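# Residue-level structural notes
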Amino acid sequence: MKYMLFCCTEEMKLDALSESEMGAVMDETWAYIEELRKSGRYITSERLQPVATATMVRVRNGKVSTTDGPFAETKEQVGGFWIIDARDLNEAIRIAAKFPSARLGGIEVRPLRELKA
């Protein structure tokens, strides 16, 4: 089953890391992604631009409105995601727990729903 792992962290905490600390986190993340790739569990991932670049789009009564910034008022923002293939939720949780991001914030694990055309 496919799962999306949302990387949720406080941008201010990430910004506070030194260049070497951030480099170490990224090196550890890339090494873990390579391990998942070799095991056939990794599908794809992307890192998002800072939350300040976000735009929320809403349509109400046929009118489009946009709002700058994050989609919700929260300390932690979605900073990226991974899509993995796991046997079940327990395995997806074990995979998520090994990402360095789980130590810096949290990772939301959510099963993907297949879209039928």
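The structure we're discussing is the one just above.
A short tour of the structure in this document, coming up. From a predicted model like this one, the values you see are computed outputs, not experimental measurements. (Residues numbered from 1 in each chain as written. Predicted model: local features only at pLDDT ≥ 70, side-chain atom pairs only at ≥ 80, totals over all residues. Heavy atoms only, no water.)

## Observations concerning the nonpolar core
In this structure, L5, W82, I84, I95 and F99 are the most contacted members of the largest nonpolar core, which totals 15 residues. Those elements that place two or more of their residues in this core are strand 1 (2–9), helix 2 (19–39), strand 5 (77–85) and helix 3 (89–97). Those residues in contact with F99 that sit more than four places away from it in its chain are L5, T29, Y32, I33, L36, W82 and I107. (Core = buried A, V, L, I, M, F, W, Y, C linked by side-chain atoms within 4.5 Å. Buried < 20%, exposed > 50% of the residue type's maximum accessible area, 1.4 Å probe, protein only. Helix = DSSP H or I, 4+ residues; strand = E, 2+ residues; numbered from the N terminus. Contact = heavy atoms within 4.5 Å.)

## Points about the pairing of strand 3 (residues 55–60)
By the bridge criterion, six bridges tie strand 3 to strand 4 (residues 63–68) in an arrangement that is antiparallel. Across the sheet, M56 pairs through a bridge with T67, a residue of strand 4. Taking the residues that link successive antiparallel strands as the turn, the strand 3-strand 4 hairpin has two residues, and the phi of N61 there is positive, at about 55°. (Pairing = 2+ DSSP bridges.)

## Quick look at the side chain of S101
Counting through the fold element by element, S101 comes out in helix 4 (residues 101–104). Discounting residues that sit within four places of it in the chain, S101 has contacts with C7, T9, W82, G106 and I107.

## Re the sheet that holds strand 2 (residues 42–47)
The strand order across the open sheet formed by four strands is 2-5-1-6, and the pairing between neighbours is antiparallel. The open sheet has two edge strands with one neighbour each: strand 2 and strand 6 (106–111). For this sheet, the mean angle separating the axes of adjacent strands, direction not counted, is 20°. Taken together, the five bridges between strand 2 and strand 5 define a ladder with antiparallel strand orientation. Residue T44 lies in a different strand from strand 5, and its bridge partner there is I83. Contacts between helix 2 and the sheet are confined to strand 2 and strand 5, with strand 2 contributing the most and set at about 155° to the helix. Strands strand 1, strand 5 and strand 6 of the sheet are contacted by helix 3, whose axis makes an angle of about 35° with strand 1. (Axes fitted to C-alpha atoms, helices over the stretch in contact; angles between N-to-C directions.)

## So, the layout of surface pockets
Considered as a void within the structure, the largest pocket measures approximately 540 Å³ in volume. Around the largest pocket, the lining comprises 25 residues; the ones closest to its centre are L14, M26, R47, L48 and G79. Within the residue set of the lining of the largest pocket, elements represented by two or more residues are strand 1, helix 1 (11–16), helix 2, strand 2, strand 5 and helix 4. In terms of residue class, the lining of the largest pocket is made up of 13 nonpolar, eight polar and four charged. (1 Å grid on protein atoms, 1.4 Å probe; cavity = no way out; pocket = protein on both sides within 12 Å on 5 of 7 lines; lining within 4 Å. Points joined across faces, edges and corners; volume = space filled by probe spheres on them. Nonpolar A, V, L, I, M, F, W, Y, C, P; charged D, E, K, R; others polar.)

## Section: the packing of aromatic side chains
A full pass over the atoms with the stated rule returns two aromatic pairs. Each ring, one from W82 and one from F99, has its centre 3.8 Å from the other, and the planes form 20°; the classification is stacked. A residue pair is termed long-range when its members are at least 10 positions apart, and W82 in strand 5 and F99 in the loop between helix 3 and helix 4 qualify at 17 residues. For the residue pair W82 and F99, the accessibility class agrees, reading buried in each case. Taken together, the ring pairs connect Y32, W82 and F99 into an aromatic cluster. (Phe/Tyr/Trp six-rings, centres within 6.5 Å; stacked < 30°, edge-to-face > 60°.)

Function cannot be inferred from these measures alone, as they are strictly geometric.
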